[in-house]
Amino acid sequence: MKETNPVTEPLGQNLIKLISNLCFSVFVFSVLIFTVIAITYQPPDPWLQSAPALTKLFTQSENATFKTDKSILKTGEDLQTVPSTVVPPSSAVKPITEEVIEKAEEKVTNLTLQSSGCEDLQVVNCSDPRVLIAVEKFNLKWFKSIVFLEYQTPVNGSKRDECDVAWRFRNKKEMSWRKYRDFRRFKFGIGENCSYKVVHARGWHSGINARRQRSRVSPTKSGSNSPQVAPLPRNDGINDTIPSLRSVTNFRQGKYLYYSRGGDYCKGMNHYLWSFLCGLGEAMYLNRTFVMDLSLCLAGSYSPSGKDEDGKDFRYYFDFEHFKEVASIVEEREFLRHWKKWDRARKKKIPVRKVMTYKVTPMQLKKDKSSIIWRQFDAPEPDNYWYRVCEGQAAKYIQRPWHAVWKSKRLMNIVTEISGRMDWDFDAVHVVRGEKAQNKELWPYLDADTSPDALVAKLQGTIQPWRNLYIATNEPFYNYFDKLRSHYKVHLLDDYKELWSDTSDWYNDTTLLNNGRPVEFDGYMRVAVDTEVFYRAKTRVETFYNLTHDCKDGINTC
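Residues numbered from 1 in each chain as written. Predicted model: local features only at pLDDT ≥ 70, side-chain atom pairs only at ≥ 80, totals over all residues. Heavy atoms only, no water.

Identification of the chain as O-fucosyltransferase family protein from Rhizophora mucronata is taken from an unreviewed UniProt entry.

Visitor: Mind showing me how you'd approach the overall build of the chain here?
Guide: If you tally the helices and strands in the chain, you get 18 helices and 18 strands. Out of the 558 residues belonging to the chain, those deemed buried represent 48%. If you take every contact in the chain between residues at least 6 apart in sequence, the share linking residues at least 24 apart comes to 68%. Working note: accessible area of the chain is about 30100 Å², and carbon and sulfur atoms make up 54% of it. (Helix = DSSP H or I, 4+ residues; strand = E, 2+ residues; numbered from the N terminus. Buried < 20%, exposed > 50% of the residue type's maximum accessible area, 1.4 Å probe, protein only. Contact = heavy atoms within 4.5 Å. Areas by Shrake-Rupley, 256 points an atom, 1.4 Å probe, with all protein chains shown as cover.)

Visitor: Would you mind showing me how to read the nonpolar core here?
Guide: Burial of nonpolar side chains together is a common tendency in soluble globular proteins. Grouped together as the largest cluster of nonpolar side chains are 96 residues, with contacts concentrated most on Phe188, Phe290, Phe314, Phe318, Phe323 and Ile418. If you tally residues by element for this core, the top one is helix α7 (residues 269-286), at eleven residues. Of all hydrophobic cores here, the second largest spans 16 residues; its members include Leu455, Val456, Leu484 and Val541. (Core = buried A, V, L, I, M, F, W, Y, C linked by side-chain atoms within 4.5 Å.)

Visitor: For this particular structure, what's the right way to read the pairing of strand β14 (residues 372-375)?
Guide: In the case of a regular strand, side chains alternate between the two sheet surfaces. Alignment of strand β8 (residues 256-259) against β14, held across four bridges, turns out to be parallel. Each bridged residue has a counterpart across the sheet, and for Leu257 the counterpart in β14 is Ile373. Where strand β13 (residues 352-355) lies against β14, four bridges are found, and the strand directions are parallel. Bridging across to β14, Val355 finds its partner in Arg375. (Pairing = 2+ DSSP bridges.)

Visitor: In this structure, what is going on with the pattern of salt bridges? I would like to understand it.
Guide: One side chain can pair with another of opposite charge once the charged atoms of both are near each other. This model, assessed by the stated rule, comprises 40 salt bridges. Glu105 is the salt-bridge partner of Lys137, the closest N and O atoms lying 2.7 Å from each other. Of the two residues, Lys137 sits in helix α5 (residues 129-142) while Glu105 sits in helix α4 (residues 98-113), which places them 32 residues apart along the sequence. Assessed through its relative accessible area of 26%, Glu105 is described here as partly exposed. Notably, a salt bridge pairs Arg421 with Glu417, separated by 3.2 Å at the nearest N-O pair. Linking Arg421 with Glu417, this pair stays in helix α12 (residues 409-421), spanning four residues, or about one helical turn. Look at the salt bridges and you will find they share partners, linking Glu174, Arg178, Asp319, Lys407, Glu532 and Arg536 into a network. (Salt bridge = Lys/Arg side-chain N within 4 Å of Asp/Glu carboxyl O.)

Visitor: How should I be thinking about the packing of α12 against helix α17 (residues 523-535) in this particular structure?
Guide: Working note: a packed helix pair is described by the angle between its axes plus the distance between those axes. The geometry of α12 relative to α17 is characterised by a closest axis approach of 9 Å and an angle of 45° between their N-to-C directions. Judged on the interaxial angle alone, α17 and α12 are oblique. The handedness of the crossing between α12 and α17 comes out as right-handed. Listed contacts from α17 to Leu411, Met412, Ile414, Val415, Ile418 and Ser419 of α12 are Met525, Ala528, Val529, Glu532 and Val533. For the contact of α12 with α17, a count of residues per class yields nine nonpolar, one polar and one charged. (Axes fitted to C-alpha atoms, helices over the stretch in contact; angles between N-to-C directions. Parallel < 35°, antiparallel > 145°, perpendicular 65-115°, else oblique. Left-handed = near helix turned anticlockwise from the far one by under 90°. Nonpolar A, V, L, I, M, F, W, Y, C, P; charged D, E, K, R; others polar.)

Visitor: Please explain the environment of Tyr285 as it appears in this structure.
Guide: Note on placement: Tyr285 falls in helix α7. In this structure, the C-alpha to C-alpha distance between Tyr285 and Gln399, residues 114 residues apart in sequence, is 8.1 Å. With sequence-adjacent residues up to four places away left out, Tyr285 is seen in contact with Pro362, Met363, Lys366, Tyr397 and Ile398.

Visitor: What is the right way to look at the environment of Trp274 in this model?
Guide: Residue placement: Trp274 occurs in helix α7. Taking the C-alpha atoms as reference points, Trp274 and Trp386, 112 residues apart in sequence, are found 8.6 Å from one another.

Visitor: Explain the sheet that holds β13 here, please?
Guide: Whenever strands of a sheet pair, they do so through backbone hydrogen bonds, lying parallel or antiparallel. One open sheet holds the five strands; their spatial order is β12-β9-β8-β14-β13, and the pairing between them is parallel. Only two strands of the sheet have a single partner each, and these edge strands are β12 (329-331) and β13. Across the sheet, the mean angle separating the axes of adjacent strands is 25° when strand polarity is ignored. Of the pairings in the sheet, the one linking strand β9 (residues 289-292) to β12 comprises three bridges and is parallel in character. Paired with Val291 across the two strands is Val330, which belongs to β12.

Visitor: How should I be thinking about the confidence of the model for the chain in this particular structure?
Guide: When pLDDT is low, close inspection of the predicted coordinates is not appropriate. Confidence in the prediction for the chain averages 84 pLDDT; 82% of positions are at 70 or higher. Strand β17 (residues 489-491) holds the highest mean pLDDT among the elements of the chain, 98, whereas strand β7 (residues 232-233) holds the lowest, 41. In the predicted structure, residues 41-51 sits below a pLDDT of 50 and forms eleven contacts with residues beyond four places in sequence or in another chain. In this model residues 61-68 is a low-confidence stretch, pLDDT under 50, and it forms 16 contacts with partners more than four residues away in sequence or in other chains. (pLDDT = per-residue confidence, 0-100.)

Visitor: Honestly, a nonpolar patch on the surface in this entry has me stumped. Any pointers?
Guide: A contiguous nonpolar surface patch, about 400 Å² in accessible area, is contributed by Phe24, Phe27, Val28 and Val31. In this structure, Val31 sits in helix α1 (residues 8-40). (Patch = residues over 30% accessible without salt bridge, like charges linked within 9 Å, V, L, I, M, F, W, Y side chains within 5 Å.)

Visitor: Got a minute to help me understand unusual backbone geometry in this structure?
Guide: When glycine is set aside, most residues are seen to have a negative phi, and most peptide bonds are trans. For the peptide bond that leads from Glu381 to Pro382, omega is 0°, which places it in the cis range. Backbone geometry places Asp423, a non-glycine residue, at a positive phi of 55°. Even without glycine at this site, Trp424 takes up a positive phi of about 60°. Take Trp424: it is sitting in the loop between α12 and β15 (427-431). Judged by relative accessible area, Trp424 falls into the buried class, the value being 6%.

Visitor: Would you mind showing me how to read the sheet that holds β17 here?
Guide: With parallel pairing, the four strands of this open sheet are ordered in space as β17-β16-β15-β18. Of all strands in the sheet, those with a lone pairing partner are β17 and β18 (540-541), marking the two edges. Relative to β17, strand β16 (residues 468-473) is paired through three bridges, and the arrangement is parallel. Along β17, the bridge assignment pairs Leu469 with Val490. Across the sheet, α17 is in contact with β15, β16 and β18; its angle to β16 comes to roughly 145°.

Visitor: Whenever I open this one, the packing of aromatic side chains confuses me. Can you help?
Guide: Here the distance between the centres and the angle between the planes together describe a pair of aromatic rings. A complete count under the given rule lists 44 aromatic pairs for this structure. When the ring of Trp167 is compared with that of Phe186, the centres are 6.1 Å apart and the planes differ by 50°; the resulting orientation is tilted. Of this pair, Trp167 sits in strand β3 (residues 162-171) while Phe186 sits in strand β4 (residues 180-190); the two residues are 19 residues apart in sequence, bridging distant segments of the chain. Like Trp167, the residue Phe186 is buried in the burial classification. Pairing Tyr259 with Phe377 gives two aromatic rings, centres 5.3 Å apart and planes at 40°, and the pair type is tilted. Placement of Tyr259 in strand β8 and of Phe377 in the loop between β14 and α12 is noted, with a sequence separation of 118 residues between them. The pair formed by Tyr259 and Phe377 is uniform in burial state, with each residue classed as buried. Sitting over the face of the ring of Tyr265, Arg261 holds its NZ or CZ atom 3.7 Å from the ring centroid. (Phe/Tyr/Trp six-rings, centres within 6.5 Å; stacked < 30°, edge-to-face > 60°. Lys NZ or Arg CZ within 6 Å of the ring centre and 35° of its normal.)

Right, here's the structure in full:
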């Protein structure tokens, strides 16, 4: 038996203790470092992370590799999840509900009980409250996607048992306060308890006797060489007049943010909106009035000629009435006219701060006392893009006011007309073709997946036969979808050309805006209308989510 060495035993124990202490020290030190990191670490700001990605999305230039999908266009009302809370007083109308109808019916019933019976119903009296109650009940039953806001007193139709009725309404899928108008012809019979019932209702805008007469005004002449045109009807439901400063004194009391024209001009509409809302967002952050150029340049991708078209009016495309209500703006020509008038009349010029580079941040201008902050964009591209102002740290402070930009009410009237003609009961498919279908490298299956035979096969499993089917598409050939007509009631945008023809309300209104010169219904307007009709469908079928396995932005980008 070996004897224990009294010298080596303490040595081994000491070594074990040393290693244990060392490991414990490393552990404690690691915990300390982790704790410090946990306390001091700040995660990446979501605005800073999202802004560059969105900037790339909205402003990327087209090339042979990727092309931005321009067949669906979203504006502020499409990005809202609940109806707008910014409601003008004129639009604050309570909807017609079953409860409202029941209360009105009780009042009418009490009056009816005092009469001699139902003999007075043999000839339909269109001004009888019971006629309107019958129409209200009928509409609530058949048009589930509509919010009915107000009715006009029915008027006589073309026969003794017919009445024409007009009302204002809003579609439940539209997240704005805007109201639209319909008028239809109804045929009546006698129901229970001496009441009227609707026997038959005609289609959209059939009640022509209830149609509101539009006032007619002459367009303003811009000069002696302006073309002479007949007086045009004015749409009283659209107020997109340009706000006026009225006096030089009012002008001097204001604070303004003025962006000179930069490299964004004549870029795509998505790029324009991304930059424009940056400028408007900065004005709101600085609590200043934004100087707005109403003149747009339409990119060649939306024009039939393929060339950029200058001199378009903002009001052709966007709802200027709503825009004025949510943003403090002044029109550029009005602003410059009063500025020059002030400087000519007084020795003391108005205080102006010129900002020559986007690198001067909105935060640095927050306390500036100048009446006018004038951002100038004279650098080469891309440093002369307006959206550069909202990059970097500025993205934390500048919120783009998407809620301010809605599609034009004139275009939305066309959307409503198309939807109304299908009695708000339709399905829709979005078919992307064009250049993407031709590019087999990036979208190898798109062309085949959107062929007529493939569309028939795929839609039959999704949409019931003989439904109204609206096709939102950039396919230029009208007859491309003819095979679908054997299975559905097919509707294309070109089926409704009369809605922007030279006899239409849209044509008259835009001609009036353009000083008597006709306005072309361009590619951007077509896509805007296609988008909104598509959104109102009961069943929606998307190209890149339902019809094909190709990625929306090209191969390997899903």
